[in-house]
Amino acid sequence: MPFMKKLAAAFLTAAIAASALVVTASADEPYTGYNYDWWGDPIPSQNGFVVDKVIDGSDLGLDKLDYSSYSSTLQAQMQSLAEPSDIFVYQKTGEFYIVDSKNNRLIVTDSTFSPEKTRVITELHYGSEFPESQSVVKNVNFKTPRGVYVRANNDGIKFIFVADYDNNRVVMFNEDDEILMEYTRPSGDVYDANVTYNPNKVIVDSAFNVYVIVPSITQGAVQFSADGTFNGYYGANRVEATAEVIAQQFWKLIYTREQIIAMRRSVAIEISNIDIDNDGFIYTVTENKSANTDVLKKLNPAGTNIFVNLGYDEVTFGDFASRYYKGKNYASAITDVDIDEQGNIYLLDFATGRVFQYTDECDLLFIFGTKGPQQTQGTQKGTFMSVSALETYKGKVYVVDSRKNSITVFKQTEFGGIVQNAISLFNEGLYDEAKGPWEEVLRRDANYWLAYIGLGNAYLNQNDYSTAMNYFYRTSRAGYNRAFKSYRIEFIRANFNWILIVILVIVALLIAWSIVKKKVLNKGGNK
Amino acid sequence: MRFDLDLPAWKWPFYVMRHPFEGYDDLRWKKGYNMKVAWVIVAAFFIVSVASAQLTGFLFNNTYVKVFNIIPYFSSSVLLFLTWVVGNWSLCTLFDGEGTMKNIFCVSAYALLPYLFSEVIVIIASNFLLRTEGGFITFFRYLGIVWSVVLMISAMKTVHQYSIPKTLAAMFFTVVAMAIILFLAVLLLTLFQQVFVFVYSIYTELMYRFSI
């Protein structure tokens with residue numbers, strides 16, 4: 001029967017195709033790198049980062065420590081990390097600070113994560129400079145710490161700041177675990193009496209101003225000066241102009257004062273995380289699945305978002321569109337931000353477990369990492385369950401997962417290195433030198449749109465405008481505009497005689513035509 | 001009104017374009033309606049709408065050209081125009097309009113001419129202009145649209161012998177009628193699709209029974 005033969009052939013083809021798929025897929029990362037093209041469609045790309053290793057509590061030697069003073073349930077929990085919620089790398093010495101929230105401790109280690117280098121801080125003490133009698137909290141232990149930051153003064157003495165969530169304080173201590181300062185709930189009218197004060201994240205600028213992220217505060221970060229006085233709020237988000245907000249503005253015109261007070265107030269969404277770069281600019285991210293304004297902000301010391309003037313606040317950070325998959329809606333919820341040495345911006349997406357790497361000009365470079373399927377519980381390397389923080393150190397990216405209780409280390413691939421090299425050369429203004437790396441990028445991934453912009457700029461720099469236009473076509477309107485402007489001037493200069501001749505001939509023909517027409521009409525009239 | 005006009009059919013659209021207020025009166029008096037000319041303009045409308053998506057310069061082109069499908073362009077030009085004609089005719093015959101279907105078709109098509117010219121200018125200019133000079137493009141685009149709308153009002157007023165307020169009301173309700181027509185068309189289409197799927201499944205079922 002021909003039908004059965006056909007069926008058998010179809011099955012055979014399908015089986016061969018499936019086996020081929022399995023063979024290639026098994027060697028790869030659990031995620032496929034992708035990027036967004038000119039129309040905002042996702043297109044596959046090469047991976048810029050792959051998993052190097054996964055660090056858990058036993059790698060740090062936490063299971064070898066003595067926990068005899070704790071209860072038996074706690075003893076089991078303290079063998080490993082428990083809901084780690086933040087990581088910080090002190091770039092000068094390469095010290096890693098990991099906040100082990102549920103175990104109420106801070107773990108200090110280095111990039112080798114070896115047990116010999118690991119130091120666990122569970123208990124502090126009040127020093128002579130800040131005696132216990134002055135303290136409001138009076139607690140030498142952490143209570144659900146959620147954030148950590150380290151800054152050294154001009155003499156090179158390091159101070160550690162921990163956002164001590166359930167102790168309602170940010171505690172500052174030195175390397176001898178001596179408490180020097182506590183940044184507690186601000187008193188006075190500016191801080192709303194009905195609002196809780198649970199510090200979630202903390203950063204410190206070079207003048208030792210302390211910025212505290214409190215989840216219940218929508219006015220921005222709570223800012224303290226070095227001596228602990230409350231300075232006010234810093235870097236509030238804007239209210240997104242949704243239909244509801246516009247409607248409220250309309251009703252406010254009509255309502256009486258009492259009615260306006262009773263109205264549901266539309267407030268900005270709170271900042272979820274904060275980071276500071278080497279130049280002292282502060283970056284904030286907002287974790288909200290529905291809002292698209294102020295997802296990533298770069299703030300100057302006055303608290304103004306400098307991305308607005310550069311037009312980068314129009315960029316969609318994270319995934320472009322929300323995706324509906326297996327009964328769940330996935331929209332990006334950016335939970336952490338980090339800036340590396342080169343100025344690249346890394347965003348961590350809680351919803352999909354992905355890391356988005358951007359240049360300092362907010363061009364998307366790479367997307368890596370993924371959320372594991374429910375069955376495997378994120379056990380596969382490179383998949384996550386509930387990401388909480390990320391940090392970069394010497395080209396490697398460290399992602400903390402608060403349910404896998406581990407730190408996943410990503411290293412740059414060869415392809416990622418070429419792209420990074422090209423961008424560095426490009427940013428230094430060495431457009432011609434960047435040409436080689438960009439061409440190499442295109443040889444490996446012809447869809448990598450940033451390479452086209454790089455090559456376009458290189459050719460523009462060489463005054464080869466038409467080639468530059470070809471590279472900018474459907475990759476950069478601004479670049480195309482610049483190249484086309486020069487191209488047009490050059491074209492008119494080169495062909496000015498011909499253009500003039502054509503125009504003169506057309507004018508002459510029109511005049512001749514009108515004369516002929518008049519004569520013909522006059523003849524007709526004479527008849 | 002000029003009674004001495006004796007224009008060939010293809011010149012009438014250009015004449016009404018240059019005389020937005022009296023041109024249609026002359027057209028009506030001289031019975032300058034010509035279906036062939038009107039169809040040529042409608043075809044040009046279709047071609048221009050495709051060209052606008054495909055040939056506009058990169059700096060001003062926002063079309064998703066990755067996938068090209070002719071159907072949306074056809075339905076947003078020719079079908080839309082035909083719906084306008086049908087909607088207007090079915091509304092205005094009920095409200096003392098004097099225009100026949102043929103008259104409405106012709107005058108409406110003639111009114112599209114300024115829009116088509118402006119689109120052609122925009123398509124050509126967009127390939128020579130920079131982003132900073134985009135004001136010219138916006139200007140020509142709006143000029144064409146406004147001119148066409150003025151012509152359309154004049155056309156509707158003359159062809160149905162309405163007053164200005166009645167013309168405007170008729171045009172507004174024509175748009176409403178178009179929406180109703182499109183709704184019914186989509187409804188009919190889905191129903192017929194289901195009928196077709198039903199008949200086709202019976203056909204395939206029968207074919208399997210007889211062949212094996």
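Residues numbered from 1 in each chain as written. Chains lettered and ligands numbered in written order. Predicted model: local features only at pLDDT ≥ 70, side-chain atom pairs only at ≥ 80, totals over all residues.

(A) Region of the structure containing the overall build of chain B. Per the secondary structure count, chain B includes 8 helices and 0 strands. From first element to last, N terminus to C terminus, chain B shows the α and β order α-α-α-α-α-α-α-α. Its C-alpha atoms give chain B a radius of gyration of 21 Å, more than 25% over the compact-globule value 17 Å for 212 residues. Summarising its shape, the C-alpha atoms of chain B cover approximately 75 × 50 × 30 Å along the three principal directions. Residues counted as buried form 27% of the 212 residues belonging to chain B. For chain B, restricting intrachain contacts to residue pairs at least 6 apart in sequence, the fraction spanning at least 24 positions comes to 73%. (Helix = DSSP H or I, 4+ residues; strand = E, 2+ residues; numbered from the N terminus. Rg over C-alpha atoms; globule rule 2.2 N^0.38 Å. Buried ≥ 20, exposed ≤ 12 C-beta atoms within 10 Å, placed from the backbone. Contact = placed C-beta atoms within 7 Å.)

(B) Representation of the sheet that holds strand β23 (residues 345–349) of chain A in the model. Residue and element names in this part refer to chain A. Here 4 strands make up an open sheet; going across it, the order is β22-β23-β24-β25 and the pairing antiparallel. On the outer flanks of this sheet lie β22 (334–339) and β25 (364–368), each paired with one strand and no other. Here the strands of the sheet are splayed against their neighbours by 20° on average, with no regard to which way each runs. Pairing between β22 and β23: 5 bridges, direction antiparallel. Residue pairing across strands places Asp 338 opposite Tyr 346, the latter belonging to β23. (Pairing = 2+ DSSP bridges. Axes fitted to C-alpha atoms, helices over the stretch in contact; angles between N-to-C directions.)

(C) Region of interest: the interface of chain A and chain B. Counting from both sides, the interface comprises 9 residues of chain A and, opposite them, 7 residues of chain B. The class makeup of the residues in the side of chain A that touches chain B is 5 nonpolar, 1 polar and 3 charged. (Nonpolar A, V, L, I, M, F, W, Y, C, P; charged D, E, K, R; others polar.)

(D) Representation of the sheet that holds strand β28 (residues 387–393) of chain A within the structure. Residues and elements named next belong to chain A. With antiparallel pairing, 4 strands are arranged side by side in an open sheet as β3-β30-β29-β28. Every interior strand has two partners, whereas the edge strands, β3 (49–55) and β28, have only one. Looking at each pair of strands side by side, their axes are set apart by 25° on average, direction ignored. As paired strands, β28 and strand β29 (residues 396–401) are joined by 6 bridges and run antiparallel to one another. Each bridged residue has a counterpart across the sheet, and for Ala 389 the counterpart in β29 is Val 400.

(E) Local environment of the confidence of the model for chain A. With 93% of its residues at a pLDDT of 70 or more, chain A shows a mean pLDDT of 86. Within the model, pLDDT remains below 50 along residues 20–27 of chain A, and this stretch shows 0 contacts once partners closer than five positions in the same chain are excluded. (pLDDT = per-residue confidence, 0-100.)

(F) Region of the structure containing helix α5 (residues 101–111) of chain B. Residue and element names in this part refer to chain B. In terms of burial, α5 is largely enclosed, as 9 of its 11 residues are buried. Residues of α5 that are buried: Asn 103, Ile 104, Phe 105, Cys 106, Val 107, Ser 108, Ala 109, Tyr 110 and Ala 111. At its buried positions, α5 is contacted by α1 (12–18), α2 (23–30), α3 (35–55), α4 (70–92), α6 (113–126) and α7 (134–160).

(G) Just the nonpolar core, in detail. Core analysis: the largest hydrophobic core is formed by 110 residues, its most contacted members being Phe161(A), Val212(A), Leu347(A) and Val399(A). Counting residues per element, this core draws most heavily on helix α8 (residues 449–461) of chain A, which supplies 8 residues. Each of two domains, domain 1 (42–423) and domain 2 (430–494) of chain A, supplies a minimum of three residues to this core. When sequence neighbours within four positions are dropped, the list of residues in contact with Leu347(A) reads Val285(A), Leu296(A), Phe317(A), Gly318(A), Ile334(A), Val337(A) and Phe356(A). By size, the runner-up hydrophobic cluster in this structure holds 31 residues, among which are Ala38(B), Tyr110(B), Val159(B) and Ala170(B). (Core = buried A, V, L, I, M, F, W, Y, C linked by C-beta atoms within 7 Å. Domains from an automatic or database assignment.)

(H) Representation of α6(B) within the structure. All names here are of chain B. The end-to-end C-alpha distance of α6, which contains 14 residues, comes to 20 Å, matching closely the 20 Å that a straight helix rising 1.5 Å per residue would cover. Taken as a whole, α6 has its buried residues at Leu 113, Pro 114, Tyr 115, Ser 118, Glu 119, Val 122, Ile 123 and Ser 126. Looking at the buried residues of α6, the elements they touch are α1, α3, α5 and α7. (Expected span 1.5 Å × (residues − 1).)

(I) Geometry of the domain arrangement of chain A. Residue and element names in this part refer to chain A. Domain annotation for chain A reports domain 1 (42–423), domain 2 (430–494) and domain 3 (501–527). Put simply, the middle of domain 1 and the middle of domain 2, counted by C-alpha atoms, are 38 Å apart. The interface of domain 1 with domain 2 comprises 10 residues on the first partner and 11 residues on the second. Here the side of domain 1 that touches domain 2 gets 5 residues from one element, more than from any other, and that element is helix α6 (residues 414–427). Among the residues making up the side of domain 1 that touches domain 2, the classes are represented as 6 nonpolar, 3 polar and 1 charged.

(J) View of unusual backbone geometry. All names here are of chain A. Non-glycine residue Thr 144 carries a positive phi angle of around 50°. Checked against the element boundaries, Thr 144 lands in the loop between β8 (125–126) and β9 (145–152). Under the C-beta neighbour-count criterion, Thr 144 is labelled partly exposed, with 17 such atoms within 10 Å. With a phi close to 60°, Asn 463 is a non-glycine residue in the positive phi region. Accessibility expressed as a C-beta count within 10 Å gives 11 for Asn 463, which makes it exposed.

(K) Molecular detail of the pairing of strand β15 (residues 221–224) of chain A. Residue and element names in this part refer to chain A. A two-sided burial pattern is seen for β15, the buried positions comprising Ala 221 and Gln 223 on one face and Val 222 and Phe 224 on the other. Where strand β14 (residues 210–213) meets β15, 3 bridges bridge the pair, whose relative direction is antiparallel. Looking at β15, one finds that Val 210 is bridged to Phe 224. Taking the residues between adjacent antiparallel strands as the criterion, β15 and strand β16 (residues 230–234) are bridged by 5 residues, where Gly 228 takes a positive phi near 95°.

(L) Examining the environment of Arg146(A) more closely. Residue and element names in this part refer to chain A. Considering the arrangement of structural elements, one finds Arg 146 in strand β9. According to the C-beta neighbour criterion, Arg 146 is buried, with 24 such atoms within 10 Å. Once you skip the residues sitting within four places of it in the chain, Arg 146 turns out to touch Ser 85, Asp 86, Val 99, Ser 101, Ala 163, Tyr 165, Asn 200 and Lys 201.

(M) Up close: the packing of α2(B) against α7(B). Residue and element names in this part refer to chain B. Contact pair α2 / α7: the axes reach a minimum separation of 9 Å and the direction vectors enclose 35°. Remark: the crossing between α2 and α7 carries right-handed chirality. Across from Tyr 24, Asp 25 and Arg 28 in α2, the residues of α7 making contact are Ser 154, Ala 155 and Thr 158. By residue class, the composition of the contact of α2 with α7 is 2 nonpolar, 2 polar and 2 charged. (Left-handed = near helix turned anticlockwise from the far one by under 90°.)

(N) Spatial organisation of the environment of Ile164(B). Looking at the element boundaries, Ile164(B) is found in helix α8 (residues 164–211). Residues Ile164(B) and Asn61(B), 103 residues apart in the sequence, show an inter-C-alpha distance of 37 Å.

(O) How the structure looks around the packing of α8(A) against helix α9 (residues 465–472) of chain A. Residue and element names in this part refer to chain A. Relative to each other, α8 and α9 sit at 170°, their axes nearing to 8 Å. Looking at the two axes, α8 sits roughly antiparallel to α9. Taken as a pair, α8 and α9 cross one another with a handedness that is left-handed. Note on element contacts: α9 touches α8 through Tyr 465, Thr 467, Ala 468, Tyr 471 and Phe 472, opposite Tyr 452, Ile 453, Leu 455, Gly 456, Tyr 459 and Leu 460. For the contact of α8 with α9, the residue count by class is 9 nonpolar, 2 polar and no charged. (Parallel < 35°, antiparallel > 145°, perpendicular 65-115°, else oblique.)

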